[in-house]
Amino acid sequence: MKFTLKSVWLKRFLKAAVGGFSLVLLFWFSVYMGFWGKLPSKEDIKSLKQAEASLLLDANDELLGKYFVFDRQIVKYDDLPKHLVNALVATEDARFYEHNGVDYTSLIRVFFKSILMQNNSSGGGSTISQQLVKNIYKREKHGWFTMPVNKVREMILAKRFESIYSKNEIIAMYLNTVPFSENVFGIESASQRFFNSKTKDLNLAQSATLIGTLKATHSFNPRLFPERSQLRRDVVLQQMEKYGFIDEDLKVATSDIPLTTNYKKFNANNGVAPYFREKVRLEVKSLLDSVNTKNKTSYDLYKDGLKIYTTLDIDMQRYAETAMQEHMKSLQAQFEKAYGKNAPWIKNTALINKRIKGLKLYKSLKNKKWSDKDIMDSLKVQGTFNLFSWNKDETLKKGSVIDSLKHTMKFLNTGFVAVDPSSGAIKAYVGGINFEHFKFDHVASSKRQVGSTFKPIVYTTALERGIEPCSYYSVKEVTYTNQKGWTPTNGGKEEADRHLNYSLEKAMSESINTIAVKVLEDVGIDSVIEQAQKMGILSELPNVPSLALGTAQLSMLELIGAYTSYANDGRVSKPFYITKITDKSGEVIYERPKAEPMPEAFSKETRQTMIEMMKSTINSGTANRMRSRYGLKNDLAGKTGTTQNNKDGWFVAVSPKLVMLSWVGNDDHRIGFSNTSIGQGANSALPTTALFLKLMNRDKRFNYITQATFETPSESVKEALACDEEKRDGFLKRLFKKDRKEREFDIESEDSKKKKKKGLFGFLKKKDED
C-alpha cells in the first residue's frame, strides 16, 4: 500500500515537473519566436548604433563641451584601466570569462536563495552581457509577465551578443552604455563628470567608486552622498581582493584614501565658453545640413558622436572669462553708484513701460484680450525669481515680474574676442556677462556704433592718399553748414587746447574728434568707405562726415577683422572658429577650406606708420592706463572708443601675435553711462583686455604671444614720424597756399568769417598764433 502511494506521488511529481518544464520551455519558445515582441536579430546586433554625445574640442584637443540627447561618450577597451575592468567583473559578474552570456550557476543560487529561502543577499543573477542587453534595448511592460519575459529576452540576446562580440568588446560596450549617477551614460562621461578626468587616467579608488555607484546610482552618488559612496567603494575593493584582483595591502591602502570628487558638469548654461559653444552649435547644424544634402548622409549632432575641432584655446578662454568677470563686477558697481536713486530703471517711467509692453507675457495676455489694468495687476503679483547678480547670494529674489524687469534693465553687458591676426583663428570668445540669464551674443550678433575705433581707418586712408603723418591740423571746432550746422566737439578739452595744432599721430593718440572729421573731409568720405571695404568691412557705412567719429554700426567680428590687417602685413584675416568635423570613426566629414590670401589693404609704410601711431595711444594717449595703472610692458598698439552720450565703450589692442577687442554697454541702447569718466572706452572696455593680458603674461606657455615685438619701422617711416616745430610751420605755410578745403565742403568757421573781413594777411596772422 505504501509502495503504491509513493508511486502515485512520484508519478504526480514527475508529471508536474515535466509539465512545468514544458511550460517553461513553451514560454521560452514564445519569447524566442517574438510572441512578446520581436527580438533583435544577429544582423541587428552587429549593426548596433547607440546615441553618442558629440564633442567640442579646442585647438589643443581639450574638451570644451558636448552636444547630446544622452550624455554618452564612447571609449575603446584599450583605454580602460585594468583595475576598472577588474572592479566591474569582481562586483557584477565574477564568472564573466567562464560563461557564454548566461551564468546558470548564479541562476540556481538565485532560485534557491532568493525565491525559496527569501534571502535577498544572493544578488540578481544577471551577467554583464545580460545587463548590456538591458542597457541597450530597455525593458518592456507585459503586465504580470513583465519580469519573466524581460529576463528570458535578455538571456537569449546575451547569448547572441556573446556569439558575435569578444569578451573585451562586451566589457567596452557595457561601460559605454551603462547609466551612472545623475543620468550620465558611459564611463567616459562619468569620469569627466565626477573626477574631471579621462577614463584612462582613473586611479583604483576612482574606478572602484564609479563601479560602486552601479548598484544604486542615486543612493551612491559620490557628489551627493560622499560617505555612503565611500563605503560602497570599499565593498568593491573587498570584492576585488576576494577574487584575487588585488592583494590585502593594496585594498587597505586604497580604502584609507578619502573620497574626493572634482565635479564638472557640461550643460548649455554653465562651464567654459557657453556663448562660443552655442555659436558653434548653430554653425555645425548648418554645416551638417549641407553635408547631408550633398553626400546623402544623415549625421546628427546630438546622437552620432561627432568631433568638432575649433580654434579656441581653453586656457586663454578661462583667462578672458576671469578678466571679464573681475572687471564687469567692479564696473557695474560704479555704474549704479553714479546714477544713484535717479537711475533710468527706477525713474524713467516711459522707458520702463515700453519695456513692460515688450515682454512676451504682456503680449500673450494682450492677445487674450486682457485689459491693460488686468495685465499690470498680474505683472505686479509677488513671487520668487532666479535673477542674475554679481553677488551669488542674491540670485534668488522676491518680487513681481515688473521688479525682475527693472532688476535686469540695470545690468551692463559686454563682449570680448581675441584673434590670431595671421590666420583669423579665434582664440578667446566671451559673448556676454552670463549665458544663463543673458543669451544674446554680443560678439557675433550685436551691431553697435563703434565710436573712435573707426578713426584708424580714417587715418589709414589719409596716409594712403599721401597726407604725411606730420601734417598738422587745428583742434579748433568747425561748423559744417552743409550738415545743417553740425559742429563736432572734443569732449573734455580745455578752451586753451582749441588753439593748438596737432599732427596726425597726436590727433589719433588723443582721439581728437575735430581733426578726425577734417582729415575725412580732406581725403573724401568715399575714399574712407573704400578703404574700410578693403579692410573687410562689408556693412553699409553712413556717407556723412560723422563717419569719422564712428557712427557706423558694426559687429565685433567685423571690426576686429579689419584690425588684423595691421598685424598681418596689411592683409585682412577673416575671423573663424571651426577647423574640421569628424565622425565617430575619425573620418573627416567637413574641413574648413584653405583661405586664399587677401589682397593688401594698404602699403607696408602705411601699416608701420599706423602701428607707431597706435602705439602712442597706448604709451601716452587715451589708453595710457595700460601702462600707468596695469603696468603692462607688452609691445602694444591700440585704440579706445566712446560713442555719443556714452552709450558704448570700446577698446582694441593690437599685438604682433594677437588682436583683442572689447565692448561694454547696456543692452537697451536708451540707457548709457551717466558720465564720460565712467563710460569712456578707457574705463569701461579697456580693463578687461588689460586684466586678460596680465593673466597671459604670468603663463609662460604664452610667451610667444606676450613677448612678441613689432618689426622696427623703416628709416623712411621713422623720418616721416619725426614731427617737430620746423616741420609743422613748413606744413602750415604750404597749407595756406592751397585753396582751402573748407571752401570745397562749405565749411564756415570763426576764422573763415574773419578772413572775409580782414583779408588774407589777417587770416594768416591769426593762424600763426594758433
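Here the structure is a predicted model, which means the values were calculated and not measured.

*Asks:* Help me understand the overall build of the protein chain, please; the structure alone is not making it clear to me.
*Replies:* For the protein chain, the helix and strand inventory stands at 33 helices and 21 strands. For the protein chain, buried positions account for 51% of its 770 residues. Within the protein chain, counting contacts between residues at least 6 apart in sequence, those at least 24 apart form 69% of the total. Element-wise, carbon and sulfur atoms account for 52% of the exposed surface of the protein chain, whose accessible area totals about 37800 Å².

*Asks:* What am I meant to see in the side chain of His442 here?
*Replies:* For His442, the position within the fold is in the loop between β10 (426-430) and β11 (448-449). Here the side chain of His442 touches Phe440 through a polar contact of 3.4 Å, landing on its backbone oxygen. One polar contact links His442 to Asp667, side chain to side chain, over a distance of 2.4 Å. Among all residues touching His442, those that are not within four sequence positions of it are Asn413, Thr414, Gly415, Gly431, Gly432, Met556, Trp663 and Asp667.

*Asks:* So what exactly am I meant to see when it comes to the sheet that holds strand β17 (residues 588-591) here?
*Replies:* Either a parallel or an antiparallel arrangement is found when strands of a sheet pair, and the pairing is made through backbone hydrogen bonds. The strand order across the open sheet built from five strands is β2-β1-β6-β16-β17, with neighbouring strands paired in mixed fashion. Looking at which strands have only one partner, the edges of the open sheet turn out to be β2 (63-67) and β17. Here the strands of the sheet are splayed against their neighbours by 15° on average, with no regard to which way each runs. Where strand β1 (residues 54-57) lies against strand β6 (residues 307-310), three bridges are found, and the strand directions are parallel. Bridge pairing in β6 places Leu56 opposite Ile308.

*Asks:* Sorry, what's going on with the sheet that holds strand β4 (residues 179-180) here?
*Replies:* Pairing is mixed in the open sheet, where three strands are placed in the order β3-β5-β4. The two strands at the open ends of the sheet, each matched to only one other strand, are β3 (71-72) and β4. As paired elements, β3 and strand β5 (residues 184-185) share two bridges and run parallel to each other. Opposite Arg72, over in β5, you have Phe185 as the bridge partner.

*Asks:* Quick question: what am I supposed to make of the state of the cysteines here?
*Replies:* Here, disulfide denotes a covalent bond that connects the sulfur atoms of two cysteines. Evaluation of the coordinates by the stated rule reveals one disulfide. Here Cys470 engages in a disulfide with Cys723; their sulfurs sit 1.8 Å apart. With the S-S dihedral at roughly -95°, the linkage between Cys470 and Cys723 falls on the left-handed side. With a gap of 253 residues between them, Cys470 in the loop between α19 (455-464) and β12 (472-474) and Cys723 in the loop between α30 (715-721) and α31 (725-737) connect regions that are remote in the sequence.

*Asks:* Explain the nonpolar core to me, please; I cannot follow it from the model alone.
*Replies:* Grouped burial of nonpolar side chains is what soluble globular proteins tend to show. Among the nonpolar cores identified, the biggest contains 143 residues, and Val417, Phe454, Tyr459 and Phe692 are the most heavily contacted of them. Sort the elements by how many residues they give to this core and helix α13 (residues 314-339) lands first, with 10 residues. Excluding its chain neighbours within four sequence positions, the residues that come into contact with Phe454 are Val528, Ala532, Ile537, Leu541, Leu547 and Gly550. Counting 44 residues, the second largest nonpolar core, distinct from the first, contains Leu88, Leu157, Leu202 and Ile211.

*Asks:* What is the right way to look at the pattern of salt bridges in this model?
*Replies:* Any two side chains of opposite charge can pair, so long as their charged atoms come close to each other. Within this structure, the stated rule accounts for 25 salt bridges. One salt bridge in this structure joins Arg448 and Asp648, with 2.7 Å as the shortest N-O distance. Taken together, the residues Arg448 in strand β11 and Asp648 in strand β19 (residues 648-654) connect sequence positions 200 residues apart. Note on accessibility: Arg448 and Asp648 belong to one class, buried. Members of the salt-bridge network, linked through shared partners, are Asp315, Arg318, Asp699 and Arg701.

*Asks:* Even after reading the chapter, I still don't get the confidence of the model for the protein chain, so can you show me in this structure?
*Replies:* In regions of low pLDDT, the predicted coordinates are not meant to be interpreted in detail. With 86% of its residues at a pLDDT of 70 or more, the protein chain shows a mean pLDDT of 86. Low confidence marks residues 725-770, where pLDDT is under 50. Its contacts with residues over four positions away, or in another chain, come to 50 contacts.

*Asks:* I keep staring at α19 and nothing clicks. Help me out?
*Replies:* Note on helix geometry: an α-helix contains 3.6 residues per turn, so any two residues three or four positions apart are oriented the same way. Counting buried positions along α19 gives nine out of 10 residues, so the element sits mostly inside the fold. Taken as a whole, α19 has its buried residues at Lys455, Pro456, Ile457, Val458, Tyr459, Thr460, Thr461, Ala462 and Leu463. Here the buried face of α19 lies against α20 (504-509), α21 (513-523), α22 (525-534), α23 (556-564), α24 (604-619) and β18 (637-642). Of the residues trailing α19, Gly466 is marked for its positive phi of about 95°.

*Asks:* Mind showing me how you'd approach the packing of aromatic side chains here?
*Replies:* Taken as a whole and judged by the stated rule, the model has 19 aromatic pairs. For the ring pair Tyr566 and Phe602, a centre distance of 5.3 Å and an interplane angle of 25° mean the geometry is stacked. In this pair, Tyr566 is assigned in the loop between α23 and β16 (578-582) and Phe602 in the loop between β17 and α24, connecting sequence segments 36 residues apart. A cation sits over an aromatic face here: Arg228 above Phe225, 4.3 Å from the ring centre. The aromatic ring of Tyr502 is capped on one face by Lys506, whose charged end is 5.7 Å from the ring centroid.

*Asks:* What am I meant to see in the pairing of β16 here?
*Replies:* The two faces of the sheet receive side chains in turn, since in a regular strand these alternate between them. Judged from the four bridges that link them, β6 and β16 form a sheet pairing that is antiparallel. The partner of Tyr309 across the bridge, within β16, is Lys580. Where β16 hands over to β17, the hairpin turn is made up of five residues, of which Gly586 adopts a positive phi near 95°.

*Asks:* When you look at the packing of helix α8 (residues 187-195) against helix α9 (residues 204-212) in this model, what are you seeing that I'm missing?
*Replies:* Pairs of packed helices are described in terms of their axes, by the angle between the two and the distance that separates them. In contact at an axis separation of 11 Å, α8 and α9 are set at 115° when each is read in the N-to-C sense. Judged by the inter-axis angle, α8 sits roughly perpendicular to α9. Handedness of the α8/α9 crossing: right-handed. For the pair α8 and α9, the contacting residues are Ile187, Ala190, Ser191, Phe194 and Phe195 in the first and Gln206, Thr209 and Leu210 in the second. A breakdown of the residues in the contact of α8 with α9 according to their chemical character gives five nonpolar, three polar and no charged.

About the criteria used
- Residues numbered from 1 in each chain as written.
- Predicted model: local features only at pLDDT ≥ 70, side-chain atom pairs only at ≥ 80, totals over all residues.
- Heavy atoms only, no water.
- Helix = DSSP H or I, 4+ residues; strand = E, 2+ residues; numbered from the N terminus.
- Buried < 20%, exposed > 50% of the residue type's maximum accessible area, 1.4 Å probe, protein only.
- Contact = heavy atoms within 4.5 Å.
- Areas by Shrake-Rupley, 256 points an atom, 1.4 Å probe, with all protein chains shown as cover.
- Polar contact = N/O pair within 3.5 Å; in protein donor to acceptor, adjacent residues only side chain to side chain.
- Pairing = 2+ DSSP bridges.
- Axes fitted to C-alpha atoms, helices over the stretch in contact; angles between N-to-C directions.
- Disulfide = S-S within 2.5 Å.
- Core = buried A, V, L, I, M, F, W, Y, C linked by side-chain atoms within 4.5 Å.
- Salt bridge = Lys/Arg side-chain N within 4 Å of Asp/Glu carboxyl O.
- pLDDT = per-residue confidence, 0-100.
- Phe/Tyr/Trp six-rings, centres within 6.5 Å; stacked < 30°, edge-to-face > 60°.
- Lys NZ or Arg CZ within 6 Å of the ring centre and 35° of its normal.
- Parallel < 35°, antiparallel > 145°, perpendicular 65-115°, else oblique.
- Left-handed = near helix turned anticlockwise from the far one by under 90°.
- Nonpolar A, V, L, I, M, F, W, Y, C, P; charged D, E, K, R; others polar.

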